[in-house]
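# Tertiary structure, described
What follows is each chain in one-letter form.
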Amino acid sequence: MPVVKPNTASRVLITGGNGYIGVWVIRFLLEQGYVVRAAVRSDDKGRKLTEYFPSHRDKVEWVVVEDITKDGAFDDAVRNVDAIIHMASPVDSSSVEPEELIKPAVQPTSILKSAIEFGIKVKRIVITSSTAAVMGLLKEPPNVFNEENWGDEFVKIVQEQGREAPWMYKYRASKTLAEQTAWKLYNEHKGKIGWELVVINPPLVVGPTLLDVKTPKDLNFSLIIWWTAVSKGIANDAFKASYAYIDVRDVASAHVLALSKEEAAGERIIVSNGVITWQETRNVIQSLRPELYTSGIFPLGNPDSHEAVLFDYDPPKGSTY
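This text gives an overview of the structure that appears in the document. These numbers were taken from a predicted model, which means no experiment stands behind them. (Residues numbered from 1 in each chain as written. Predicted model: local features only at pLDDT ≥ 70, side-chain atom pairs only at ≥ 80, totals over all residues. Heavy atoms only, no water.)

## Regarding the overall build of the protein chain
Along the backbone of the protein chain there are 11 helices and 12 strands. Expected size for 321 residues packed as a compact globule is a radius of gyration near 20 Å; at 20 Å, the protein chain falls within 12% of this value. The C-alpha extent of the protein chain, read off along each of the three principal axes, is 60 × 45 × 35 Å. A burial count over the protein chain gives 48% of its 321 residues as buried. The contacts of the protein chain with a sequence gap of at least 6 include a subset with a gap of at least 24, amounting to 78%. For the protein chain, the accessible area works out to roughly 15200 Å², and carbon and sulfur atoms hold 51% of it. (Helix = DSSP H or I, 4+ residues; strand = E, 2+ residues; numbered from the N terminus. Rg over C-alpha atoms; globule rule 2.2 N^0.38 Å. Buried < 20%, exposed > 50% of the residue type's maximum accessible area, 1.4 Å probe, protein only. Contact = heavy atoms within 4.5 Å. Areas by Shrake-Rupley, 256 points an atom, 1.4 Å probe, with all protein chains shown as cover.)

## Remarks on the sheet that holds strand β9 (residues 242-247)
Consider a sheet: its strands pair through backbone hydrogen bonds, and that pairing is either parallel or antiparallel. Spatially, 3 strands are ordered β8-β9-β11 in an open sheet, and the strand pairing comes out mixed. Only two strands of the sheet have a single neighbouring strand rather than two, namely β8 (204-206) and β11 (274-277). For this sheet, the mean inter-axis angle between neighbouring strands, taken without regard to orientation, is 45 degrees. In this structure, β9 lies alongside β11, joined through 4 bridges in antiparallel fashion. In the sheet register, Ser242 faces β11, and the bridge partner there is Thr277. Strand contacts of helix α10 (residues 278-288): β8, β9 and β11, with the helix running at about 90 degrees to β11, the strand carrying the most contacts. (Pairing = 2+ DSSP bridges. Axes fitted to C-alpha atoms, helices over the stretch in contact; angles between N-to-C directions.)

## Overview of the packing of aromatic side chains
Evaluated as defined, the whole model comprises 14 aromatic pairs. Seen in terms of ring centroids, Trp167 and Tyr171 are 5.5 Å apart; in terms of plane orientation they differ by 10 degrees. Their pairing is stacked. One end of the pair is Trp167 and the other is Tyr171, both in helix α6 (residues 167-189) and 4 residues apart, which spans about a single turn. Of the two residues, Trp167 and Tyr171, both sit in the buried class. Ring geometry for Tyr171 against Phe221: centres 5.8 Å apart, planes inclined by 50 degrees, an arrangement best described as tilted. Of the two residues, Tyr171 sits in helix α6 while Phe221 sits in helix α7 (residues 221-231), which places them 50 residues apart along the sequence. Its relative accessible area of 12% is what places Tyr171 among the buried residues. Three or more aromatic residues joined by ring pairs make a cluster, and in this case those are Phe145, Phe311 and Tyr313. Lying across the ring of Trp150, Arg268 places its NZ or CZ 3.6 Å from the centre. (Phe/Tyr/Trp six-rings, centres within 6.5 Å; stacked < 30°, edge-to-face > 60°. Lys NZ or Arg CZ within 6 Å of the ring centre and 35° of its normal.)

## Regarding the pattern of salt bridges
By the definition in use, this model includes 16 salt bridges. Residues Glu160 and Lys156 are paired through a salt bridge, measuring 2.5 Å at the closest nitrogen-oxygen approach. Placement of both Glu160 and Lys156 in helix α5 (residues 152-161) is noted, with a separation of 4 residues, approximately one turn of the helix. Note on Glu160: relative accessible area 54%, which makes it exposed. Residues joined in a network through salt bridges with shared partners are Arg11, Arg37 and Glu61. (Salt bridge = Lys/Arg side-chain N within 4 Å of Asp/Glu carboxyl O.)

## Some points on helix α2 (residues 43-50)
Along α2, the residues that are buried comprise Gly46, Leu49 and Thr50. For α2, the arc enclosing every buried residue in end-on projection is 100 degrees, short of the 170-degree limit, so these residues lie on one face. For α2, the secondary structure elements touched by its buried residues are α1 (20-32), β2 (35-40) and β3 (60-64). (Arc of directions from axis to C-beta.)

## Remarks on unusual backbone geometry
For residues besides glycine, phi is generally negative; the peptide bonds are generally trans as well. Residue Pro141 is joined to Pro142 through a cis peptide bond whose omega torsion reads 5 degrees. Along the polypeptide, Pro142 turns up in the loop between β5 (124-128) and β6 (143-145). Phi is positive for Asn80, which is not a glycine, with a value near 60 degrees. Its place among the elements puts Asn80 in the loop between β3 and β4 (83-86).

## Examining the environment of Ser10
Position of Ser10 relative to the elements: it lies in the segment before β1 (11-15). Overall, the relative accessible area of 7% leaves Ser10 in the buried class. C-alpha separation for the pair Ser10 and Ile297, spaced 287 residues apart in sequence, amounts to 48 Å. Every residue in contact with Ser10, bar those within four places of it in the chain, is listed here: Val4, Lys5, Tyr34, Val35 and Asp82.

## Some remarks on the side chain of Lys175
Counting through the fold element by element, Lys175 comes out in helix α6. There is no salt bridge for the buried Lys175, and the closest opposite charge comes from Glu179, which lies 9.2 Å off by N-O distance. The contacts of Lys175, once residues within four sequence positions are left out, are Ser89, Ser129, Ser130, Ala132 and Ala133. (Lys, Arg positive; Asp, Glu negative; His and termini not counted.)

Right, here's the structure in full:
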């Protein structure tokens, strides 16, 4: 199986590199010795990206891709790179029509078409998907999911209900269809290409950001979800809800490791640190920073509530690699 080991001759194209996870991925790539080519929407964004890595400026280059949803958008970007980490996937939380979520998620997988035609040197492609493409409808616990599972139930519901389907169902359908499109392309051309596909499936990504964040409005999609849940008053039933999480540094490391691990080839890999309820999250924060609650900055909720988590992932294939 072809791999891409870290050295100064290995050039990695990354999409979404100026995002919350992407900047961490670039940092780890540079620290290990890779050369990074970032696909950005403008030269200004490319220059801004290099400012995050002043000691590695000579190892960061960028290519402008103004619209990643256009066919052929990555035709030039994939030339003369050894690997691709594709993380860019626009999410609009105000979307109403299913296609407003599904098309921007599915269309950027055309980067695989570009790699098939123009990525002559490419040996490994790593795509960021989500556990949203793994989960099904929750039933009575235990609900245990693994890499064999798909979010097809949400695709079916969205097809039946259209714009009336819950937003989160549309989001999960979009992630499912995007990943399935990538695997379909890969499997159709597997015997004719020189690269292997790896898909990383993280849950809610949390942890420190390397980006310039001045207010909560500057947070990315996953951190906004987390911040809102812990800092705002929510219904009692919402406290009982479970969510899986992973530290941003762990999911970034998984993307980088996927380039050089032979056994990761052709795998979809769930990476998760665990599952917890929102109330338990508040309890943990309260034990670490009690002043946030005694001052009334954060609402504590119902600290005596000890609800069991509603789902989990098994086995943790990510720990194998």
